[in-house]
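The residues making up each chain are set out below.
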Amino acid sequence: FTPPRAQHRLRWRTEAMDTPGNFVASPSVPALRDPPAAAGVALRVLCVDDCETDVALVIAALKAGGYLPQYEQVCTRADLIAALERQRWDIVISDYAMPQFNGLEALAVVAPRCPDMPFILVSGAMGEETAVAAMKSGAHDYVLKGDLARLVPAVRRGLADLVEALAAPEPLAV
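Note that the coordinates shown come from a computational prediction; the quantities given were computed from them, not determined experimentally. All residue numbers refer to positions counted from 1 along the written sequence of the respective chain. Residue-level local features of this predicted model are given only where pLDDT is at least 70; pairs of side-chain atoms are given and counted only at 80 or more, and the full residue set underlies all totals for whole chains, interfaces and linings. Derived side-chain values reflect all non-hydrogen atoms in the structure, with water molecules and hydrogen atoms excluded from consideration.

**Q** So what's going on with the overall build of the chain? Which residues, and what values?
**A** Along the chain, the regular secondary structure elements total seven helices and seven strands. Numbered from the N terminus, helices here are DSSP runs of H or I no shorter than four residues, and strands are runs of E no shorter than two. In sequence order, the chain lays out its α and β elements as α-β-β-α-β-α-β-α-β-α-β-α-β-α. Buried, partly exposed and exposed residues are distinguished by accessible area as a fraction of the type maximum, computed with a 1.4 Å probe on protein chains only: under 20%, between the cut-offs, and over 50%, respectively. Each of the 174 residues in the chain was classed as buried or not, and the buried ones make up 41%. Residue pairs at least 24 apart in sequence account for 67% of intrachain contacts in the chain once pairs closer than 6 positions are excluded. Element-wise, carbon and sulfur atoms account for 57% of the exposed surface of the chain, whose accessible area totals about 9300 Å². The criterion used for residue contact is that any of the two residues' heavy atoms lie within 4.5 Å. Using the Shrake-Rupley algorithm and a 1.4 Å probe, accessible areas are obtained, with residue cover drawn only from the displayed protein chains.

Pasting the structure below:
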């Protein structure tokens, strides 16, 4: 007997291999090793941001860190829900402040649907109290837009946490 969550983990890891030993777009691959910049590890990124320039900077930082991001940009609640239902993502990177939607609202949409998925907030100016509230609400990390050098390490930590969560044994039902 394999518990349903373990079956999900097994299926998810199997789907991450296109041939035995050749991993593709899997959150477990970049978290288990530190890819050199030339290696190019595929990463499916859902960007919640209303500014194309900011998304381009985030994607450039991920590429510089050795990832080959495949991404989609959304900026409304409805678009976020549609993107989450349309495909599986490895990580969500969200702006904190947007005119019609904010990062904490995006986190409230993502968390119940994908509880283990890393969620990173990016902000131009986020106070310490706001950052603590975001982390308590389930964000894995936050990065200031002026310090995007912290983004790749934050992504790696988030993916490592995901691998750990997927590897954790299921509690036995009593």
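Once you've had a look at it, read on.
**Q** Can you lay out the sheet that holds strand β6 (residues 119-123) for me, pointing to particular residues and giving the numbers?
**A** Hydrogen bonds between backbone groups are what pair the strands of a sheet, and the pairing can be parallel or antiparallel. Sheet architecture is open: five strands sit in the order β4-β3-β5-β6-β7, paired in parallel fashion. One side of each edge strand has no neighbouring strand; the edge strands of this open sheet are β4 (67-74) and β7 (141-144). Strand after strand, the sheet turns through a mean of 25° between neighbouring axes, direction not considered. When DSSP finds two or more bridges between a pair of strands, those strands are recorded as paired. Bridging between strand β3 (residues 41-48) and β4 involves eight bridges; their strand directions are parallel. Residue pairing for β4: Val45 is matched across the bridge by Tyr71. Against the sheet, helix α4 (residues 77-86) makes contact with β3 and β4, and its axis sits at roughly 135° relative to β4, the strand it touches most. All axes are obtained by fitting lines to C-alpha atoms, using only the stretch in contact for helices, and the reported angles, taken between N-to-C directions, cover 0 to 180 degrees.

**Q** Pulling in residues and values, what's your account of the pattern of salt bridges?
**A** Take a side-chain nitrogen of Lys or Arg and a carboxyl oxygen of Asp or Glu: if they are within 4 Å of each other, that pair is a salt bridge. Overall, the coordinates contain six salt bridges when judged by the stated rule. In this structure, Arg86 engages Glu72 in a salt bridge whose closest nitrogen and oxygen atoms are separated by 2.4 Å. Remark: Glu72 occurs in strand β4 and Arg86 occurs in helix α4; sequence separation between them is 14 residues. Using a relative accessible area of 22% as the deciding quantity, one classes Glu72 as partly exposed. The shortest N-O distance in the salt bridge between Lys145 and Asp95 comes to 3.4 Å.

**Q** I'd like to hear about the pairing of β6, residue by residue, with values.
**A** Taken across its five residues, β6 has five buried, putting it largely inside the fold. The alternating pattern of β6 places Phe119, Leu121 and Ser123 and Ile120 and Val122 on opposite faces, both of which are buried. Pairing analysis gives four bridges linking strand β5 (residues 91-95) to β6, with the strands arranged parallel. Its bridge partner lying in β6, Ile93 is registered against Ile120. For the crossover from β5 across helix α5 (residues 103-113) to β6, the handedness is right-handed. Across four bridges, β6 lies against β7 in parallel orientation. Bridge pairing in β7 links Leu121 to Tyr142. Handedness of the crossover is the feature at issue here: the chain leaves β6, passes through helix α6 (residues 128-136), returns alongside β7, and the resulting connection is right-handed. The definition of a right-handed crossover adopted here requires that, viewed with the strands pointing away, the path from the first strand over the helix to the second runs clockwise.

**Q** Can you explain the nonpolar core? Please cite residues and give values.
**A** By convention a nonpolar core is built from buried Ala, Val, Leu, Ile, Met, Phe, Trp, Tyr and Cys residues, the set being connected through side-chain atoms within 4.5 Å. Grouped together as the largest cluster of nonpolar side chains are 23 residues, with contacts concentrated most on Leu46, Val48, Leu80, Leu84 and Phe119. Among the elements of the structure, β3, α4, α5, β6 and α6 are those that each provide at least two residues to this core. The residues touching Leu84, leaving out its near neighbours within four places in the chain, are Leu46, Trp89, Val109, Val110, Arg113, Cys114 and Met117. In this structure, Leu43, Val45, Cys47 and Ala154 belong to the second largest nonpolar core, which totals 21 residues.

**Q** Which residues make up the environment of Gly124, and what are the values?
**A** The residue Gly124 is located in the loop between β6 and α6 in this model. In this structure Gly124 comes out as exposed when scored by relative accessible area, which is 57%. Distance in space between the C-alpha atoms of Gly124 and Asp95 is 8.5 Å, their sequence separation being 29 residues. In contact with Gly124, other than residues within four places in its own chain, are Leu144 and Lys145.

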